[in-house]
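A structural walkthrough
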Amino acid sequence: MVHVPSSLRNVIIFLDTDKHASPFDLLTASDLYPDAQMLYYSNVEPGDTRKIIQDAMFPRGPDGAKKTKVFIGGYDVEKANQILAETKKAMFKPFELGIIVDPRGASTTGSAVVARVLNLYRRSNPNLKGSSATVLAATGPVGRVACHLLASEGIQVRATSRSLEKVNGLADKINQDLNTNLVEGTKGQTQEEIGKAVQDSEIIIAAGAAGAQLLSLDILKNYGGKCRVVGDVNAIPPLGVEGLKSTDDGVEFFPGVRGIGALAIGASKNKIEAELFRRAIDMTKGVFDHVVAYEISKSLFMEKGGRLPEAAVKPRFGMEFVPEKAIDKMISWVKMAEDGGFDNVWVTDHYNNRNVYMLLTAIALNTKTITIGTGVTNPFHINPAWTASALATLDELSGNRTILGIGPGDVTTLRSLGIAQEKPLTAVKESIEIIKKLWKGETVQFDGKVFSVKGARLNYKPKRSPPIYMGAQGPKLLELAGAIADGVLINAAHPRDFVFAVEQIKKGARTAGRDHSQIDIVAYASVSVDYESKKARKKAKEVVAFIVAGSPAEVLKRHDISPENASKILAHLEKGAFGDAFDSITDQMLDSFSICGRPSDIVDKIDEILKIGVTQIVIGSPIGPNKADAIYVLSKDVLPHFR
Ligand SMILES: NC(=O)c1ccc[n+]([C@@H]2O[C@H](COP(=O)([O-])OP(=O)(O)OC[C@H]3O[C@@H](n4cnc5c(N)ncnc54)[C@H](OP(=O)(O)O)[C@@H]3O)[C@@H](O)[C@H]2O)c1
């Protein structure tokens, strides 16, 4: 989210390849941002770009650059792509402008038709991978985007054109970009050729030029036996698909086949375009193209709950913060999380970062609804009586918005303080007992194996006992958590680890005679999100390297990672050779120990975890390459899928 002086105005620079800049996008932007300054340039050639961009980057400094956006449009898509390349080349840190790319409305229209059609299709077949689609007249800008997005979902795509050479070129390009062979070009000029092209396809998209009818009812009847859904983007009569009206929105226009017409798709396109502008304006930088438009389309049009067919509960969402940055920055992030719909904020507790309770106090004073707590403290470096009082004070200050996260602590940090982590299980168990008694106002006599308390009591009576969450990973701690805690914070990201953890927690609950469904089972996961998957995954490596290096042998074995490789990474980290350590992280390691990628990747992975019995997701470090933007994206494109 852009945090810069409010005196700076939003500026949107329209670079249009046409003789007259399109009023369509200008009007959309000016309705959304009436106070923004719109600068528009027509007939823009790639060679003009550098001067315009650099003259826009400097006058208002880096803060002004954050409030300056570029919109690339026009009918000449090839030229628009060159202008995009030149715009990127002209920019450098810290003067990077956000860029919206929607030439001929193709990013937004292509995303709209694919998201709307797939949402309809998933009602009868939730599995997109392995399904088949045909995109008729795929060589235009909208058709290209549609083919790309369908293939990115693992759908087999047949793309047609009147020219086989043209469409084969398109198929090759998309297959190369996505590293797949899902797109196949086929000639689609005669009725028979089109019939053969739609045969076996469950999904048909007509992406032809205005006024060109491509699919007749006869072809649908004779060849479209498998077809379930049709989308048509052509709103000019004759329409692209016979019998499908431009206003149709999911109706069965042919026996067994539902359709979405061009005006219904147009209405969705307009919503997506508005959101694309909002994302670009609210975020500090980035390229907002068809990939982002499609992520937005999924948030807007994939039916709520459609992604959660088996999970019964609505999960809670938390965010972990490591107090390593300036307090005011951290508070601004927490406020964004609160505004974005997060339920909880967990602050880590290490002596070498800013103090957890100081930060939590500042957070309490600057927020209204979000629940806040330690994530996690430990009984070795802080006495449980001190923790009891700190939490009770924070609970009073925040209006009963606290949670206590407690675990055995991290051996390395404790060792650096000369503290031995002896009897970790017992220490956590005894601490929880002592803390609970103190909160109840009792005078505590406690003679344990780790702690001995002789008549300790708080001189004030806390209004309530905040929920206690145990940080646990090994089998014994997980079992103990099942027996005594209100929630369990599990440092993991892969379904396999949660299957194991949930079993242990249930076992502990059973032994203690508790109902396990009362325990909040939390995936405390390393997450990295960005609209650009590559960037998100690269950032995740910085955290995953430490997780791999510190994972016990049985966890590495569970994920088929050799102990030798983990030792090599540890050796790099110990030497301070961080680059070498991060470069050694494989895709398999990333997918075992983090949830990373685009928002829809995060949604899919969370979906899997929830089916195992997890009830809260804590978004842990690194969150994303740019923290503020990542929190914004999570709030906009991840949380809504689960609400
Ligand atoms: N609903 C909305 O909001 C919205 C927004 C933007 C665009 N649109 C519509 O979306 C459609 C696609 O837009 P676009 O810009 O990608 O289209 P386009 O480039 O004008 O045309 C797409 C393809 O149609 C084929 N085609 C052209 N004339 C044809 C004819 N007479 N018979 C059969 N095929 C023909 C061409 O493919 P080959 O030469 O390879 O065969 C062409 O590449 C258009 O109808 C446009 O009006 C709708």
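Computed from a predicted model, the values in this text were never measured in an experiment.

Let us look at the overall build of the protein chain. If you tally the helices and strands in the protein chain, you get 25 helices and 23 strands. Computed over its C-alpha atoms, the radius of gyration of the protein chain comes to 28 Å, within 12% of the 26 Å expected for a compact globule of 643 residues. Each of the three principal axes of the protein chain carries a C-alpha extent, and together these read 90 × 60 × 50 Å. Considering the protein chain as a whole, with its 643 residues, one finds that 50% of them fall into the buried category.

Domains assigned within the protein chain are domain 1 (11-101), domain 2 (107-266) and domain 3 (312-471). Between domain 2 and domain 3, the C-alpha centre-to-centre distance is 55 Å.

This paragraph deals with the sheet that holds strand 6 (residues 156-161). The strand order across the open sheet formed by seven strands is 7-6-5-8-9-11-10, and the pairing between neighbours is mixed. Looking at strand neighbours, the two that pair on one side only are strand 7 (183-187) and strand 10 (249-254), the edges of this open sheet. On average, each strand axis in the sheet is tilted by 25° relative to the strand beside it, whichever way the strands run. When strand 10 meets strand 11 (residues 257-260), the two strands line up antiparallel, connected through four bridges. Opposite Glu 252, over in strand 11, you have Arg 258 as the bridge partner. Along the sheet, helix 5 (residues 106-121) contacts strand 8 (203-206), strand 9 (229-232), strand 10 and strand 11; its crossing angle with strand 9, the most-contacted strand, is approximately 160°.

This next bit is on the site of the ligand. In the vicinity of the ligand there are 25 residues, among which Gly 140, Ser 161, Arg 162, Ala 209 and Gly 266 approach most closely. Looking at the shell around the ligand, the elements with two or more residues in it are helix 6 (141-152) and helix 10 (262-282). With four residues, helix 10 is the largest single contributor of residues to the shell around the ligand. Of the residues that constitute the shell around the ligand, the class distribution is 11 nonpolar, 10 polar and four charged.

A separate point is the packing of helix 2 (residues 49-57) against helix 4 (residues 77-90). Relative orientation of the contacting elements helix 2 and helix 4 amounts to 45°, with a least axis distance of 9 Å. Looking at the two axes, helix 2 sits oblique to helix 4. By crossing handedness, the relation of helix 2 to helix 4 is classed as right-handed. Facing Thr 49, Arg 50, Ile 53 and Gln 54 of helix 2, the residues of helix 4 in contact are Ile 83, Glu 86, Thr 87 and Ala 90.

It is worth spelling out the pairing of strand 5 (residues 132-136) at this point. Where burial is concerned, most of strand 5 is hidden: four out of the five residues are buried. Inspection of the sheet shows strand 5 paired to strand 8 by four bridges, in the parallel sense. Bridge pairing links Leu 136 to Ala 206 in strand 8.

This next bit is on the environment of Leu 239. Assignment of secondary structure puts Leu 239 in the loop between strand 9 and strand 10. Since 25 C-beta atoms lie within 10 Å of it, Leu 239 is described here as buried. Between the C-alpha atom of Leu 239 and that of Asp 583, which follows or precedes it by 344 residues, the distance is 53 Å. Ignoring any residue separated from it by four or fewer positions in sequence, one finds Leu 239 in contact with Gln 213, Asp 232, Asn 234, Leu 244, Ser 246 and Ala 262.

Looking now at the nonpolar core. Residues Leu 136, Ala 146, Cys 147, Ile 205, Val 345, Val 488 and Ala 523 are the most contacted members of the largest nonpolar core, which totals 190 residues. For Ala 523, the residues in contact, after removing those within four places along its chain, are Ile 490, Ala 492, Ala 493, Phe 498, Ile 609, Val 614, Ile 617 and Val 618.

This brings us to unusual backbone geometry. A cis amide bond links Pro 237 with the next residue in sequence, Pro 238, at an omega value of -10°. Structurally, the position occupied by Pro 238 is in the loop between strand 9 and strand 10. Backbone torsion omega between Gly 375 and Val 376 reads 0°, so that peptide bond is classified as cis. Tracing the backbone through its elements, the reader meets Val 376 in the loop between strand 15 (371-374) and helix 14 (384-398). Unusually for a residue other than glycine, Asn 400 sits at a positive phi of about 60°. With respect to the helices, strands and loops of the structure, Asn 400 is situated in the loop between helix 14 and strand 16 (402-406). The class for Asn 400 is partly exposed, based on 13 C-beta atoms found within 10 Å. Not every positive phi belongs to a glycine, and Lys 423 is a case in point at roughly 45°. Along the chain, the position of Lys 423 falls in the loop between helix 15 (411-416) and helix 16 (424-439). By C-beta crowding, Lys 423 is classed as partly exposed, having 14 other C-beta atoms within 10 Å.

The two faces of strand 4 (residues 98-101) match: Gly 98 and Ile 100 on one face and Ile 99 and Val 101 on the other face are all buried. Here strand 3 (residues 68-73) runs beside strand 4; their pairing, made up of four bridges, is parallel. Residue pairing for strand 4: Val 70 is matched across the bridge by Ile 99. In the classification by handedness, the crossover that spans strand 3, the intervening helix 4 and the parallel strand 4 is right-handed. Pairing analysis gives two bridges linking strand 4 to strand 12 (residues 287-288), with the strands arranged parallel. Looking across to strand 12, one finds that Ile 100 is bridged to Phe 288.

Attention shifts here to helix 16. Along its 16 residues, helix 16 runs 22 Å from first to last C-alpha, staying within 8% of the 22 Å computed at 1.5 Å per residue. Those residues of helix 16 that are buried lie in contact with helix 14, strand 16, strand 17 (444-447), strand 18 (452-456), strand 19 (468-471) and helix 17 (475-484). Directly after helix 16, the chain includes Gly 441, whose backbone phi takes a positive value near 90°.

The axes of two packed helices give the description: the angle between them and the distance between them. For the pair helix 16 and helix 17, the least separation of the axes is 10 Å and the interaxial angle reads 15°. If you check the angle between helix 16 and helix 17, you find them roughly parallel. Where helix 16 crosses over helix 17, the handedness of that crossing is right-handed. From helix 16, Leu 425, Lys 429 and Ile 432 reach across to helix 17, where they touch Lys 476, Leu 477, Leu 480 and Ile 484. A class-by-class count of the residues in the contact of helix 16 with helix 17 yields five nonpolar, no polar and two charged.

Following the sequence through the fold, Tyr 121 ends up in helix 5. On the basis of neighbour count, Tyr 121 is assigned to the buried category, with 20 C-beta atoms found within 10 Å. Along the chain, Tyr 121 and Val 229 lie 108 residues apart, while their C-alpha atoms are 6.1 Å from each other. Leave out the neighbours within four places in its chain, and Tyr 121 touches Glu 202, Ile 203, Arg 228 and Val 229.

What counts, and at which threshold
Here the residue numbers are simple positions, counted from 1 along each chain's written sequence. At least 70 in pLDDT is required for a residue's local features to be given in this predicted model, at least 80 for side-chain atom pairs to be given and counted, and no such filter applies to totals for whole chains, interfaces and linings, which use all residues. What counts as a helix is a DSSP run of H or I of at least four residues, what counts as a strand is a run of E of at least two, and both are numbered from the N terminus. We compute the radius of gyration over the C-alpha atoms and compare it with the globule rule, which gives 2.2 Å times the number of residues raised to the power 0.38. Put simply, a residue is buried when 20 or more other C-beta atoms lie within 10 Å of its own C-beta and exposed when 12 or fewer do; between those, it is partly exposed, and each C-beta is set from the backbone. What counts as a domain boundary in this text is fixed by an automatic or database domain assignment. In this analysis, strands are considered paired if DSSP registers two or more bridges between them. Here, axes are lines fitted to C-alpha atoms. For helices the fit covers the stretch in contact, and angles between N-to-C directions go from 0 to 180 degrees. For every residue pair, C-beta atoms are placed from the backbone, and the pair is scored as a contact if these atoms sit within 7 Å. Here is the check we use: build the C-beta atom from the backbone, and if it is within 6 Å of the molecule or strand, call the residue near. Each residue gets one of three labels, nonpolar for Ala, Val, Leu, Ile, Met, Phe, Trp, Tyr, Cys and Pro, charged for Asp, Glu, Lys and Arg, and polar for the others, Gly among them. Geometric relationships in this document are graded by angle, where less than 35 degrees denotes roughly parallel, more than 145 denotes roughly antiparallel, 65 to 115 denotes roughly perpendicular, and other angles denote oblique. By the definition used in this description, the sense in which the near helix is turned from the far one sets the handedness, with an anticlockwise turn below a right angle giving left-handed and a clockwise turn giving right-handed. We call a set of buried Ala, Val, Leu, Ile, Met, Phe, Trp, Tyr and Cys residues a nonpolar core when their C-beta atoms link them within 7 Å. By convention a crossover is right-handed if, when the strands point away from the viewer, the path from the first strand over the helix to the second runs clockwise. Multiplying 1.5 Å by the residue count of a helix minus one yields the expected span of that helix.

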